Amino acid sequence: MRPADDLRGLRLLNPGPVTLSDRVRAALAGPDLCHRQPEFADLMARARAGLAAVYGAPGYEAVILGGSGTAAVEAMLGTLVPPEGRALVVANGVYGERIATILESQGRAHRTVRSEWVEPMDLDAVARALEEEPFTRVVAVHHETTTGRLNDLSALAGLCRSAGAPLLVDAVSSFGAERLDLEGWGVEACAGTANKCLHGAPGVAFVVARSTALERPSAAPSFYLDLARHRAEQARGSVLVTPPVPAVAALAEALDELAEEGGWEVRRSAYRERSGILREGLARLGFRPLLPDGASGSSLTAFELPAGVPFDGLYGALRSRGYVIYPGQRGLAGRIFRLAVMGALDRTDLEGAVAAFEEAVAASRAEAS
Ligand SMILES: *Cc1c(COP(=O)(O)O)cnc(C)c1O
């Protein structure tokens, strides 16, 4: 075991929670605040405005919730999918499947168009489904973290527009670092979290939605996850329930940091550069990416585990060199590992990660011979 102090120097290459910048960490350790005092109302207002400003679409606003990204997805579905009619879910990974599971638990009628997890969304099947019957909402994942694929929402949006079905998006691992054309794609709402591409701390999540959608009578089968209730309070400078105060402070700071850096496009460029260092470095060592060139988003690359190399061994080798890597899920568990580049990382961290892989490979070759 490394001494506990060394945990401070670990670099997280998992897709959130991320390595925090010093200023976000300082915000997390800020003053104790009552959630009903004006200073906290200021923090909430800053965070809500910062979230809405990331993509700057007029007519959209942010609602903040205590909880993880899944809480935001669940609140979005429960509040905005009408109880009558049917939703169409497009799934090509764990998070698309989770949307269907949540709708099931909410008793909402839905149909799921699935494709293999290593494949793109099946847009032909979506088009056929939309011709066959009316759907009240289409729900999809933007960046499918299962494989790192960036789904083509622009193409999906075209189909939704022709069918007159508003789009709800799980943008939990893309919000802040990928193009998200809320208005142009007819997105009614998208769900996100503080602790992925926004570089905040875990504990707070959010939905950015059309104000008009939040003003409709809510269909939520939940009190706690009713976006309309949260929004009514937040719009008047209040909160529905006790929020995770330090996580909100960290989010507000992280959003300021993002804006000062130049916004989502600058962050995407930084991620692309970081991912490029990993992809090139690992390719040199003989690792193969799971997805073809150009299919992945900026923030994460899935690599095939080389034959005879179990994930745990690779994890341990990297961990002892200061890096946390991430396994595949379910059917991909024994087959891939994933490297995310979100968080306060610099070039040296990524080059160091490649060097750590190089050492790990050399060590395992030496052991095998
Ligand atoms: C991480 C993630 C989630 C779930 O987030 P939690 O914070 O673990 O609840 C949902 N969707 C996508 C695409 C994700 O990457």
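The structure this text deals with has already been given above.
As the structure is a computational prediction, the values presented were derived from the model and not from experiment.

Q: Any chance you could explain helix H9 (residues 245-261) here in plain terms?
A: In this model H9 runs 25 Å from its N-terminal to its C-terminal C-alpha over 17 residues, within 8% of the 24 Å that 1.5 Å per residue would give. Burial runs high along H9: 12 of the 17 residues are buried. Of all the residues in H9, the buried ones are Val245, Ala247, Val248, Ala249, Ala250, Leu251, Ala252, Glu253, Ala254, Leu255, Glu257 and Leu258. Those residues of H9 hidden inside the fold are in contact with helix H1 (22-28), helix H2 (38-55), strand S2 (60-66), strand S10 (204-210) and helix H10 (264-284). Backbone geometry just after H9 places Gly262 at a positive phi near 120 degrees.

Q: Please explain the site of the ligand as it appears in this structure.
A: Near the ligand you find Ser68, Gly69, Thr70, Tyr95, Arg98, Val141, His143, Thr145, Asp170, Val172, Ser173 and Lys196, and these make up its full shell. One of the side-chain N or O atoms of Ser68 is found 2.5 Å from an oxygen atom in the ligand. For the ligand, an oxygen atom lies 2.9 Å from a polar atom in the backbone of Gly69. Looking at the shell around the ligand, the elements that each hand over two or more residues are helix H3 (69-80) and helix H4 (94-105). Taken together, the residues of the shell around the ligand break down into 3 nonpolar, 6 polar and 3 charged.

Q: Could you clarify how one ought to interpret the sheet that holds strand S11 (residues 300-304) in this entry?
A: Adjacent strands of a sheet pair through backbone hydrogen bonds, lying either parallel or antiparallel. Read across the sheet, 3 strands follow the order S11-S14-S13 without closing on themselves; strand pairing throughout is antiparallel. For this open sheet the edge positions go to S11 and strand S13 (326-327), each flanked by a neighbour on one side alone. Pairing of S13 with strand S14 (residues 336-340) involves 2 bridges; the strand directions are antiparallel. Residue pairing across strands places Pro327 opposite Phe337, the latter belonging to S14.

Q: Just checking my understanding: could you explain the sheet that holds strand S8 (residues 167-170) for this structure?
A: Here we have 7 strands laid out as an open sheet, ordered S2-S10-S9-S8-S5-S3-S4, and mixed in their pairing. Both edges of this open sheet fall to S2 and strand S4 (110-114), since each of them pairs with a single strand only. Direction aside, the axes of adjacent strands within the sheet are offset by 20 degrees on average. Pairing between S2 and S10: 7 bridges, direction antiparallel. Of the residues in S10, the one forming a bridge with Glu61 is Ala209. Each of S2 and S10 is contacted by helix H8 (residues 227-235), which is oriented at about 105 degrees to S2, the strand it contacts most.

Q: Explain the nonpolar core to me, please; I cannot follow it from the model alone.
A: In summary, soluble globular proteins display a tendency toward joint burial of nonpolar side chains. Counting 51 residues, the largest nonpolar core has Leu156 and Phe175 as the members making the most contacts within it. Here the element with the most residues in this core is H9; it accounts for 8 residues. With sequence-adjacent residues up to four places away left out, Phe175 is seen in contact with Leu51, Val54, Tyr55, Leu180, Cys190, Cys197, Leu198, Phe206 and Val208. With 37 residues, the next largest nonpolar core counts Val81, Val89, Tyr95 and Leu214 among its residues.

Q: In this structure, what is going on with the pairing of S4? I would like to understand it.
A: Two faces, one strand: in a regular strand the side chains alternate between the faces of the sheet. Note that strand S3 (residues 87-91) and S4 share 5 bridges and pair parallel. Residue Val90 lies in a different strand from S4, and its bridge partner there is Val113. In the classification by handedness, the crossover that spans S3, the intervening H4 and the parallel S4 is right-handed.

Scoring rules and cut-offs
- Residues numbered from 1 in each chain as written.
- Predicted model: local features only at pLDDT ≥ 70, side-chain atom pairs only at ≥ 80, totals over all residues.
- Heavy atoms only, no water.
- Helix = DSSP H or I, 4+ residues; strand = E, 2+ residues; numbered from the N terminus.
- Expected span 1.5 Å × (residues − 1).
- Buried < 20%, exposed > 50% of the residue type's maximum accessible area, 1.4 Å probe, protein only.
- Contact = heavy atoms within 4.5 Å.
- Near = heavy atom within 4 Å.
- Polar contact = N/O pair within 3.5 Å; in protein donor to acceptor, adjacent residues only side chain to side chain.
- Nonpolar A, V, L, I, M, F, W, Y, C, P; charged D, E, K, R; others polar.
- Pairing = 2+ DSSP bridges.
- Axes fitted to C-alpha atoms, helices over the stretch in contact; angles between N-to-C directions.
- Core = buried A, V, L, I, M, F, W, Y, C linked by side-chain atoms within 4.5 Å.
- Right-handed = clockwise from strand over helix to strand, strands pointing away.

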